[in-house]
Amino acid sequence: MQKGLIYSAAILAIGSIFAKFLGVFLKVLLINIVGDYEIGLYQLPYPIYTTILTFSMTGFSLAVAKLISIYHTEKDYKNAEFAFHLSLILITILSFIFTLKMIEIFKWPQEALLPYLALVPALFVVSVQSAYRGYFNGIKKMYITSISQIIESIGRVGFGLGLCITFLPRGIPLSIAGALLGASLVLWPR
């Protein structure tokens, strides 16, 4: 039991560290592409995004993991599947509501509107991811979470930089929105 816990924690830590490293790498490259001042447009929507994300899924992944783990321990796979699907439906509804409210509530300066709107799909997708993350953690397949974090980070850098460079001739706000949208495109259940 102790060995499995340490192994699972190590796998999650490695994936998380790699993902954070690539996130820093992406920001450094973006600064070199769009400039120091303009990178503020990239950072501007994140405080509100993370706050709403926290409200929409705080503890959700952990609760799903606990339920799935209990049902799997008891070999009650039917209820484990039901709990997963119910949690997926609930988090989808909650994240959809929070996403709509995010669009309605905040008034953004014109140059920040596109980067802000580019994060809206990410809010929805990341919330749904928490149900999947809870499921895989509940069945003790931590490596799936770790591998998907690494793939997601590589995709975020690739798509984000690609869209940023593609939209750069059309202006900095659209270029930054492309970089943020690139992050949304590669989010997938982990």
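Quantities reported herein were computed from a predicted structural model and do not represent experimental measurements.

Draft legend 1. Looking closely at the overall build of the protein. The secondary structure content of the protein amounts to eight helices and zero strands. Put simply, the protein has 190 residues, and 42% of those count as buried. By sequence separation, contacts in the protein at least 24 residues apart represent 79% of the contacts at least 6 residues apart. Of the roughly 10600 Å² that the protein leaves accessible, carbon and sulfur atoms contribute 73%.

Draft legend 2. Up close: helix α4 (residues 60-73). The terminal C-alpha atoms of α4, which comprises 14 residues, lie 20 Å apart, in line with the 20 Å expected from a rise of 1.5 Å per residue. Those residues of α4 lying buried are Phe-60, Ser-61, Val-64, Ala-65, Ile-68 and Ser-69. The buried residues of α4 occupy an angular sector of 160 degrees when the element is viewed end-on, so they sit on one face. The exposed residues of α4 that point more than 90 degrees off its buried face are Leu-62, Lys-66 and Thr-73. Positive backbone phi, approximately 60 degrees, marks Lys-75, located one or two places after α4.

Draft legend 3. The UniProt feature "transmembrane region" (unreviewed entry) in the protein, seen in detail. Per the UniProt annotation, the sites labelled "transmembrane region" (unreviewed entry) are residues 6-34, 46-70, 82-100, 112-132 and 167-188. Spanning residues 82-100, this segment combines 100% helix with 0% strand, and its end C-alpha atoms are found 27 Å apart. As a span, residues 112-132 carries 100% helix and 0% strand, and end to end its C-alpha atoms are 31 Å apart.

What counts as what
- Residues numbered from 1 in each chain as written.
- Predicted model: local features only at pLDDT ≥ 70, side-chain atom pairs only at ≥ 80, totals over all residues.
- Heavy atoms only, no water.
- Helix = DSSP H or I, 4+ residues; strand = E, 2+ residues; numbered from the N terminus.
- Buried < 20%, exposed > 50% of the residue type's maximum accessible area, 1.4 Å probe, protein only.
- Contact = heavy atoms within 4.5 Å.
- Areas by Shrake-Rupley, 256 points an atom, 1.4 Å probe, with all protein chains shown as cover.
- Expected span 1.5 Å × (residues − 1).
- Arc of directions from axis to C-beta.
- UniProt positions renumbered as here; feature names shortened; annotations may be inferred.

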